[in-house]
Amino acid sequence: MTWLLLAILAALPMPGTQFKQLPDSKGKAEIEHACYTCHSPDLLAQQRLTPKQWTATVEKMMRWGAELKESDKQVAIDYLSRHFGPENRFTPTATTPMK
Ligand code: HEC
């Protein structure tokens, strides 16, 4: 059964891999609740979208099942536009190299 254990370990992220935390500000909790079921924070943090593009993206994700209340939609779009707009400079997550 060693092979099975190895296969499972190989599929896990390398120890030391750290996802970025999303910046603290209004809307973070709603985003974490609605988006983390399918995405890591990095997928969100690497975007450079205008408010219009974020609106379209959030609406698409809601159609796909993101648990975001209609009343929380705008706060989420504002959060994403504020932090991950066209000026966003994202540095990819550093991973620990294999030894
Ligand atoms: C039910 C699973 C699910 C949830 C929940 C979800 N997404 Fe997605 N998302 C996907 C899938 C699948 C893709 C890739 C397909 C694609 O790119 O069209 C994707 C792609 C994306 C992309 C890449 C660009 C794009 O338009 O394809 C962004 C940005 C994104 N999601 C943001 C979000 C945000 C913000 C939330 C929370 C409001 C969210 N997602 C919630 C499934 C989900």
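What counts, and at which threshold
Residues numbered from 1 in each chain as written. Predicted model: local features only at pLDDT ≥ 70, side-chain atom pairs only at ≥ 80, totals over all residues. Heavy atoms only, no water. Helix = DSSP H or I, 4+ residues; strand = E, 2+ residues; numbered from the N terminus. Polar contact = N/O pair within 3.5 Å; in protein donor to acceptor, adjacent residues only side chain to side chain. Contact = heavy atoms within 4.5 Å. Donors = N, O, S within 2.8 Å, 3.2 Å for Na, K, Ca; no water. Tetrahedral: all angles 85-135°; square planar, octahedral: opposite > 155°, others 65-115°. Buried < 20%, exposed > 50% of the residue type's maximum accessible area, 1.4 Å probe, protein only. Near = heavy atom within 4 Å. Phe/Tyr/Trp six-rings, centres within 6.5 Å; stacked < 30°, edge-to-face > 60°. Core = buried A, V, L, I, M, F, W, Y, C linked by side-chain atoms within 4.5 Å.

A. Quick peek at the side chain of Lys-28. For Lys-28, the position within the fold is in helix α2 (residues 28–35). Here the side chain of Lys-28 touches Leu-22 through a polar contact of 3.2 Å, landing on its backbone oxygen. Not counting chain neighbours up to four residues away, the residues in contact with Lys-28 comprise Gln-21, Leu-22, Pro-23 and Tyr-79.

B. Inspection of the coordination of the iron atom of the ligand at higher detail. The iron atom of the ligand binds to the protein through His-39 (NE2) and Met-61 (SD), with metal-donor distances spanning 1.9 to 2.2 Å. Because the angles between the six donor atoms bound to the iron atom of the ligand fall within 84 to 178°, the donor set is best described as octahedral. Taken as a pair, His-39 in the loop between α2 and α3 (41–45) and Met-61 in helix α4 (residues 51–63) lie far apart in primary sequence, 22 residues in all. Under the relative-accessibility criterion, Met-61 is labelled partly exposed at 24%.

C. Representation of the site of the ligand. Neighbouring the ligand are 15 residues; Cys-35, Cys-38, His-39, Lys-60 and Met-61 lie closest to it. Residue His-39 places a side-chain N or O atom 2.7 Å away from a nitrogen atom belonging to the ligand. Between an oxygen atom of the ligand and a side-chain N or O atom of Lys-60, the distance comes to 3.2 Å. Among the secondary structure elements, those contributing two or more residues to the shell around the ligand are α2, α3 and α4.

D. Highlighting the packing of aromatic side chains. One pass over the structure, following the stated rule, counts one aromatic pair. Aromatic side chains Tyr-79 and Phe-84 sit 6.4 Å apart centroid to centroid with 70° between the ring planes, which places their arrangement in the edge-to-face category. Judged on exposure class, the residue Tyr-79 and its partner Phe-84 are both buried.

E. Representation of the nonpolar core. Ranked by size, the top nonpolar core spans 18 residues in total, and within it Ile-31, Leu-80 and Phe-84 carry the most contacts. Where this core is concerned, the elements lending two or more residues are α2, α3, α4 and α5 (73–83). In terms of residues, this core owes the most to one element, α5, which gives four residues. Beyond its immediate sequence surroundings of up to four residues, Phe-84 is in contact with Leu-22, Pro-23, Leu-44, Ala-45, Gln-47, Arg-48, Leu-49, Trp-54 and Tyr-79.

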